[in-house]
Amino acid sequence: QTAAAPDAPPPGLYAALGEKAGIDRLADDFVERLLRHPRIGPQFKEVKPAALKESLAEQFCVLSGGPCTYQGADMLDVHADMDINKGDFNALVEVLQRAMDAQGIAFSQQNRLLALLAPMHRDIITVR
Ligand code: HEM
């Protein structure tokens, strides 16, 4: 990685996630797990699962270097009024880890995706 492109997708990550089909399966299962999570599930009660799955799949596809366009809202705007704290954020990351495990994604590759998502905490956590 160079300073000019700090968020360049790690080579091979898109393939490691199973390309578009694998990412769609991951996003599907991730959202299903979020919806039934005891701590953060209730925050997703009013959300249309299909739309969230699609946005997450697009986001993961773009981040991992796939040929996609993210068409969802800005992370800061969409999470602004949710009163998300660090524990909520960590809970979501744990759910994503379990969803990636379930897809058989290697731990090293999981960590590469998580590393791309981690900096988003600055836009998403609004309760310190
Ligand atoms: C790394 C952390 C996170 C990422 C990458 C992420 C990503 C996203 C994305 C891509 C969307 C869809 C935006 C759109 O379609 O316009 C979204 C929506 C949403 N996120 Fe997050 N999010 C994260 C953390 C959280 C946390 C911790 C919570 C709450 C516990 C949360 C609650 C929501 C809800 C409720 C929506 C639906 C908003 C709506 O459709 O009205 N997110 N998030």
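Residues numbered from 1 in each chain as written. Predicted model: local features only at pLDDT ≥ 70, side-chain atom pairs only at ≥ 80, totals over all residues.

Engineer: Whenever I open this one, the overall build of the protein chain confuses me. Can you help?
Structural biologist: For the protein chain, the helix and strand inventory stands at seven helices and zero strands. Written out in order from the N terminus, the α and β elements of the protein chain read α-α-α-α-α-α-α. The C-alpha atoms of the protein chain give a radius of gyration of 14 Å, which matches the 14 Å a tight globule of 128 residues would have. Taken over the C-alpha atoms alone, the protein chain extends approximately 35 × 30 × 25 Å along its principal axes. Looking at the protein chain as a whole, 20% of its 128 residues qualify as buried. At a minimum sequence separation of 6, the contacts of the protein chain that also span at least 24 residues come to 75%. (Helix = DSSP H or I, 4+ residues; strand = E, 2+ residues; numbered from the N terminus. Rg over C-alpha atoms; globule rule 2.2 N^0.38 Å. Buried ≥ 20, exposed ≤ 12 C-beta atoms within 10 Å, placed from the backbone. Contact = placed C-beta atoms within 7 Å.)

Engineer: What should I look at first to understand the site of the ligand in this one?
Structural biologist: In the region of the ligand, 21 residues are neighbours, and Ile40, Ser55, Gly72, Ala73 and Asp88 sit closest. Mapped by element, the contributors of at least two residues to the shell around the ligand are α3 (49–63), α4 (75–79) and α5 (86–102). By residue number, the principal contributor to the shell around the ligand is α3, which donates five residues. Looking at the shell around the ligand residue by residue, the classes come out as 15 nonpolar, five polar and one charged. (Near = placed C-beta within 6 Å. Nonpolar A, V, L, I, M, F, W, Y, C, P; charged D, E, K, R; others polar.)

Engineer: Honestly, the packing of helix α2 (residues 19–35) against α5 in this entry has me stumped. Any pointers?
Structural biologist: Closest axis-to-axis distance for the α2/α5 pair is 9 Å, and the angle between their directions is 135°. One finds that α2 runs oblique with respect to α5. Crossing of α2 against α5: the hand is right-handed. Contact residues: α2 offers Leu26, Asp29, Phe30, Arg33 and Leu34, while α5 offers Leu92, Val95, Leu96, Arg98, Ala99, Met100 and Ala102. (Axes fitted to C-alpha atoms, helices over the stretch in contact; angles between N-to-C directions. Parallel < 35°, antiparallel > 145°, perpendicular 65-115°, else oblique. Left-handed = near helix turned anticlockwise from the far one by under 90°.)

Engineer: Explain α5 to me, please; I cannot follow it from the model alone.
Structural biologist: Look at α5: 24 Å from first C-alpha to last across 17 residues, which is about the 24 Å you get at 1.5 Å a residue. Taken as a whole, α5 has its buried residues at Leu92, Val95, Leu96, Ala99 and Met100. The arc that holds the buried residues of α5, viewed along the axis, is 140°, so those residues lie on one side. Exposed residues on α5 whose side chains face more than 90 degrees from its buried face are Lys86, Gly87 and Asp101. (Expected span 1.5 Å × (residues − 1). Arc of directions from axis to C-beta.)

Engineer: What exactly am I supposed to notice about unusual backbone geometry here?
Structural biologist: Peptide bonds are, in most cases, trans, and in most cases residues other than glycine have a negative phi. In this structure, Glu19 takes a positive phi of about 55° despite not being glycine. Residue position: Glu19 is located in helix α2. Classification of Glu19 by C-beta neighbours within 10 Å gives partly exposed; the count is 14. The phi torsion at Asp83 lies on the positive side, around 55°, for a residue other than glycine. Relative to the helices and strands, Asp83 resides in the loop between α4 and α5.

Engineer: Looking at this structure, how should I read the UniProt feature "binding site: heme" (unreviewed entry) in the protein chain?
Structural biologist: The UniProt record marks His79 with the feature "binding site: heme" (unreviewed entry), using the residue numbering of this structure. Its place among the elements puts His79 in helix α4. Ignoring any residue separated from it by four or fewer positions in sequence, one finds His79 in contact with Ile84, Asp123 and Ile124. (UniProt positions renumbered as here; feature names shortened; annotations may be inferred.)

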